[in-house]
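So you can see what is in the structure, the chains are spelled out below.
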Amino acid sequence: MKMKNVILIILSISLGLSQCDGFNWHHDIHINDCSQKDIQVLNQFIKNSQSNLNFDMDVNLNTIIEPLELGWQLWEEGRLIHWICDDVPSPFYLYNYNCQLNGEIPDNINQLDAVVKLHIHNNNLHGIIPNSICDLDISKASDYWFKMDYNYLCPPYPDCIKLWNVNQNQSKCE
């Protein structure tokens, strides 16, 4: 009876472990095991960027940038905790690049509520920064953890955006 209980405990622990852990390009991450709200935000960035994304990210070479290929990501227990879209180490070459994100920051960016490091600077994001970004604890952190400067984002900036992130090219602002 004891052995049966041990086997049941081990089985339940192994089934509870997420298959969405590790670095996006170096681990066997299963998208269905990842937080679907995190995946929705990444998909919205892809949709907003249309076909302007850097195709060096296309790790499976299917000519489509999928959510788990967008920049450098670290997942833990099914949640996106690091997302970097500048100085991304290429999985194929010996150089770094940015994701070439384009378009607006999605209003649902606050769904990335487990993120502790977010770098979306040096891309081509434009428009207004949604106030929902202030729901992220990371938005109040230092520029080591949170970077979104050197895009085309327009004022007025939400109150949580610190000075290091307001270095924006405003040539596309009205």
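Presented here is a report on the structure given in the accompanying data block. (Residues numbered from 1 in each chain as written. Predicted model: local features only at pLDDT ≥ 70, side-chain atom pairs only at ≥ 80, totals over all residues. Heavy atoms only, no water.)

**Section: the sheet that holds strand E10 (residues 152–154)**
Across the sheet, three strands lie side by side as E6-E8-E10; this open sheet has parallel pairing. Pairing within the sheet leaves two strands with one partner each, and these edge strands are strand E6 (102–103) and E10. Bridge count between strand E8 (residues 124–128) and E10: three bridges; the pairing is parallel. Bridging across to E10, His126 finds its partner in Tyr152. (Pairing = 2+ DSSP bridges. Helix = DSSP H or I, 4+ residues; strand = E, 2+ residues; numbered from the N terminus.)

**As for the layout of surface pockets**
Taken as a whole, the largest pocket encloses approximately 210 Å³ of empty space. Taken together, Asn24, Trp25, His27, Asp28, Ile29, Ile31, Val59, Asn60, Glu66, Pro67, Leu68 and Glu69 make up the full set of residues lining the largest pocket. Here the residues of the lining of the largest pocket are counted per class, giving six nonpolar, three polar and three charged. (1 Å grid on protein atoms, 1.4 Å probe; cavity = no way out; pocket = protein on both sides within 12 Å on 5 of 7 lines; lining within 4 Å. Points joined across faces, edges and corners; volume = space filled by probe spheres on them. Nonpolar A, V, L, I, M, F, W, Y, C, P; charged D, E, K, R; others polar.)

**Re the pairing of strand E2 (residues 72–76)**
Among the five residues of E2, four are classified as buried, and the element is accordingly described as predominantly covered. Pairing of E2 with strand E3 (residues 79–84) involves five bridges; the strand directions are antiparallel. Following the sheet pairing, Leu74 is matched in E3 by His82. What sits between the antiparallel neighbours E2 and E3 is a turn of two residues, in which Glu77 has the positive phi angle 50 degrees. (Buried < 20%, exposed > 50% of the residue type's maximum accessible area, 1.4 Å probe, protein only.)

**As for the pattern of salt bridges**
With the rule as written, the count across this model stands at three salt bridges. Between Asp113 and Lys37 there is a salt bridge; the shortest N-O distance is 3.2 Å. In this pair, Asp113 is assigned in the loop between E6 and strand E7 (117–119) and Lys37 in helix H2 (residues 36–49), connecting sequence segments 76 residues apart. On the basis of relative accessible area, Asp113 is assigned to the partly exposed category, the value being 46%. Given a relative accessible area of 33%, Lys37 falls into the partly exposed group. Several salt bridges share partner residues, and in doing so they unite Lys37, Asp38, Arg79 and Asp113 into one network. (Salt bridge = Lys/Arg side-chain N within 4 Å of Asp/Glu carboxyl O.)

**Notes on the environment of Gly78**
For Gly78, the location among the structural elements is in the loop between E2 and E3. Since its relative accessible area comes to 6%, Gly78 is described here as buried. Residues Gly78 and Asp33, spaced 45 residues apart in sequence, show a C-alpha to C-alpha distance of 6.3 Å.

**Focus on the sheet that holds E2**
The sheet built from five strands is open, its strands ordered E1-E2-E3-E7-E9 with mixed pairing. On the outer flanks of this sheet lie strand E1 (22–23) and strand E9 (146–147), each paired with one strand and no other. Note: E1 against E2, two bridges, orientation antiparallel. Opposite Gly22, over in E2, you have Trp75 as the bridge partner. Contacts from H2 reach E2 and E3 within the one sheet, and its direction differs from that of E3 by about 30 degrees. (Contact = heavy atoms within 4.5 Å. Axes fitted to C-alpha atoms, helices over the stretch in contact; angles between N-to-C directions.)

**With respect to the nonpolar core**
Grouped together as the largest cluster of nonpolar side chains are 43 residues, with contacts concentrated most on Phe45, Leu70, Trp83 and Leu101. At the level of elements, H2, E2 and E3 are the ones that each hand at least two residues to this core. Here this core takes five residues from H2, the largest share from any one element. Apart from the residues within four sequence positions on either side, Phe45 is in contact with Leu70, Trp83, Leu101, Ile105, Pro106, Ile109, Ile120 and Leu125. (Core = buried A, V, L, I, M, F, W, Y, C linked by side-chain atoms within 4.5 Å.)

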